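Examining the three-dimensional arrangement
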Amino acid sequence: MATAAAGQTGLLGNLALLAQQQTSTPMPAPGMVYEAPAPVAGNQTTTPPRPWLHPEHLARFVDPLPIPQTLRSTETKPHPHLPGVQIPYHRVVMRRVETKVHRNLPETSVWSYGSSAPGPTIEAHKGQPLLIEWVNNLPTQHFLPIDHTLHGAGKDQPDVRTAVHVHGAVVPPESDGYPEDWQTPGQSITALYPMNQDAATLWYHDHAMGIERLNQYAGLFGFFLVRDEAEDALNLPHGKYEIPLAICDRFFYADGQLHYPDSGDPAAPWVPEIYGDVILANGAIFPYLAVEPRLYRVRLLNSSNSRAYLFSLSNGHTFHQIGSDQGLLAAPVELKELMLSPAERADLLIDFSSLASTEFTLQDQKLTILQFRVNGTETSANPIKAPQQSPQFPAILRTIDRIPESAAVRTRTFTLNEYMHPQSRIMLMLLNGQYWHEPVTEKPVLNTTEIWSLVNTTQDIHPIHLHLVRFQILDRRPFDVDDYLNYKNFHYMGDAAPPEPNERGWKDTVKAHPETVTRIIIPFQGYAGRYVWHCHLLEHAANEMMRPFEVVAAPKST
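Residues numbered from 1 in each chain as written. Predicted model: local features only at pLDDT ≥ 70, side-chain atom pairs only at ≥ 80, totals over all residues. Heavy atoms only, no water.

**Observations regarding the pairing of strand 28 (residues 427-431)**
Walk down a regular strand and you will see the side chains alternate between the two sheet faces. Where burial is concerned, most of strand 28 is hidden: five out of the five residues are buried. Residues Met427, Met429 and Leu431 line one face of strand 28 and the alternating positions Leu428 and Leu430 line the opposite face, and both faces are buried. With five bridges connecting them, strand 27 (residues 410-420) and strand 28 associate as antiparallel partners. If you follow glutamate 418 over to strand 28, its bridge partner there is methionine 429. (Buried < 20%, exposed > 50% of the residue type's maximum accessible area, 1.4 Å probe, protein only. Helix = DSSP H or I, 4+ residues; strand = E, 2+ residues; numbered from the N terminus. Pairing = 2+ DSSP bridges.)

**Looking at the sheet that holds strand 13 (residues 221-227)**
Remark on secondary structure: sheet strands pair via backbone hydrogen bonds, oriented parallel or antiparallel. On the basis of which strands lie adjacent, the open sheet formed by five strands has the order 4-8-13-12-10 and mixed pairing. This sheet does not close on itself; its edge strands, each paired only once, are strand 4 (70-71) and strand 10 (164-167).

**Let's talk about the packing of aromatic side chains**
This model, assessed by the stated rule, comprises 26 aromatic pairs. For the pair tyrosine 113 and tryptophan 134, a centre-to-centre distance of 5.6 Å together with 70° between the ring planes defines the contact as edge-to-face. One end of the pair, tyrosine 113, is in strand 7 (residues 108-113); the other, tryptophan 134, is in strand 9 (residues 130-136), and 21 residues separate them in sequence. Look at tyrosine 113 and you get buried, because its relative accessible area is 0%. (Phe/Tyr/Trp six-rings, centres within 6.5 Å; stacked < 30°, edge-to-face > 60°.)

**With respect to the confidence of the model for the protein chain**
This prediction gives the protein chain a mean pLDDT of 90; 88% of its residues lie at or above 70. Here residues 1-45 is a poorly scored stretch, pLDDT under 50, and it has 90 contacts once near neighbours within four places are set aside; other chains count. Under a pLDDT of 50 for its full length, residues 386-391 has, in the predicted model, 11 contacts with residues more than four places off or in other chains. (pLDDT = per-residue confidence, 0-100. Contact = heavy atoms within 4.5 Å.)

**Observations concerning the environment of alanine 407**
Structurally, alanine 407 can be placed in the loop between strand 26 (367-374) and strand 27. Sequence separation of alanine 407 and isoleucine 521 is 114 residues, and the distance between their C-alpha atoms is 9.0 Å.

**Looking at the sheet that holds strand 18 (residues 287-291)**
Strand order in this open sheet of six strands is 3-18-26-25-20-23, and the pairing throughout is mixed. At either end of the open sheet lies a strand with only one pairing partner, and these are strand 3 (63-64) and strand 23 (338-340). As paired elements, strand 18 and strand 26 share four bridges and run parallel to each other. Looking at strand 26, one finds that alanine 290 is bridged to arginine 373.

This is the structure in structure tokens:
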């Protein structure tokens with residue numbers, strides 16, 4: 001909690017300085033409301049201010065929580081590499097749609113995979129490959145402010161481009177959604193998902209170079225759930241008792257339309273982070289979920305651009321985390337609070353059996369997200385009990401062997417940097433001091449293991465995501481940043497701390513805490529080819545905090 005607060009406070013201090021130095025849109029502290037500025041052209045106001053939505057004036061808990069539809073495959077197509085083999089095929093169309101985010105607001109225009117935002121939940125099973133054709137049927141003009149000064153978003157590029165990335169999927173490089181492998185309206189791409197991976201809560205979202213932050217903010221994301229026989233054997237809650245729950249924050253105008261804040265400079269509208277004053281649960285504001293007094297499984301996703309959440313239940317009730325980014329933990333972890341940075345997921349069991357006829361909320365610290373309404377009776381003839389009450393939930397969910405450090409063939413050290421130009425006050429974020437376009441410097445060998453040390457010299461928590469791979473967190477250790485930046489000395493300020501119990505499974509996104517060295521150990525398995533690693537604060541990734549890496553095949557022995 002302290003590190004999250006420190007990260008946000010440090011950034012807001014920078015933003016306040018930015019506001020003093022140039023005409024800009026002030027970024028509010030989380031949960032605050034401010035008046036929309038008028039667009040500017042030089043020093044002249046071109047349009048009158050547009051009124052904001054003030055969420056505190058909306059009625060609460062009047063809309064049911066939307067549940068994204070599950071995409072069912074009704075068609076097969078030939079496997080692209082296995083002659084004579086037919087595999088399931090989906091066709092997913094990206095389009096502009098109108099959706100109700102609250103009963104008392106007009107419909108909101110969003111971009112969607114299908115007919116809703118979040119998009120449909122895609123289900124896959126380990127060992128059963130599938131094909132998805134991602135079709136770009138979006139408008140040709142973007143409705144959010146493109147910054148043409150960002151790499152890959154120049155005026156010579158089409159306004160609307162998409163590159164779909166299934167976050168956490170083990171896929172060949174041509175199906176990964178490489179940021180520069182984008183499609184424009186009228187184009188499509190068919191991706192192969194081999195599904196040679198364990199059950200996990202994955203998600204899909206846009207990854208187009210320079211405008212990923214805008215496309216996701218517009219609504220381009222959804223769940224991608226992988227199942228396997230080992231997880232099925234645990235008899236976890238399923239069907240209507242399994243709830244995919246995507247949480248994100250946004251700004252809205254009073255007419256219900258989305259607003260993406262900008263710097264106030266039409267030539268360079270990028271801002272470093274966004275903390276919206278409206279929190280959406282599955283695309284709805286202040287919804288409610290009616291549940292039975294029994295055990296539920298909640299697949300929780302932080303799909304925000306920048307905001308980290310500290311989740312809890314308002315009645316102080318505990319819950320169990322049974323999985324993280326890349327599937328089940330070794331054992332359930334009982335929690336009262338759960339912190340998720342952007343792109344992280346948590347697989348939760350919430351036991352409502354002792355809470356019949358009560359109402360309480362899921363909250364982010366003191367900010368209300370949604371209401372749970374527990375019915376007085378259970379309709380299921382075969383209730384599933386909580387893990388501590390039933391042998392159906394063993395103390396061991398699965399075996400996770402910790403990777404010994406001795407397995408690593410190489411250790412790499414990377415700095416996480418933020419810079420501010422002394423005259424323009426424009427901010428820049430880099431990984432290891434390198435820009436995206438510079439030559440690839442990380443070329444791990446396929447089927448080898450490496451340790452990556454992430455040296456965070458900033459005041460932000462940076463959620464670092466590596467494509468293709470899953471990894472384990474080794475430890476975190478605070479260090480003297482000034483000593484390192486001035487003299488390149490690692491003066492540690494404390495002992496190395498192991499990951500929290502709910503971080504000891506397989507991960508694909510790790511919180512790199514401020515002024516801390518975070519070490520992860522990574523088996524580079526799956527495929528050779530070029531992939532990406534980046535900060536999943538989307539505004540950071542758009543402003544150069546993203547780098548390619550290339551997995552290379554081992555040299556053939558002679």
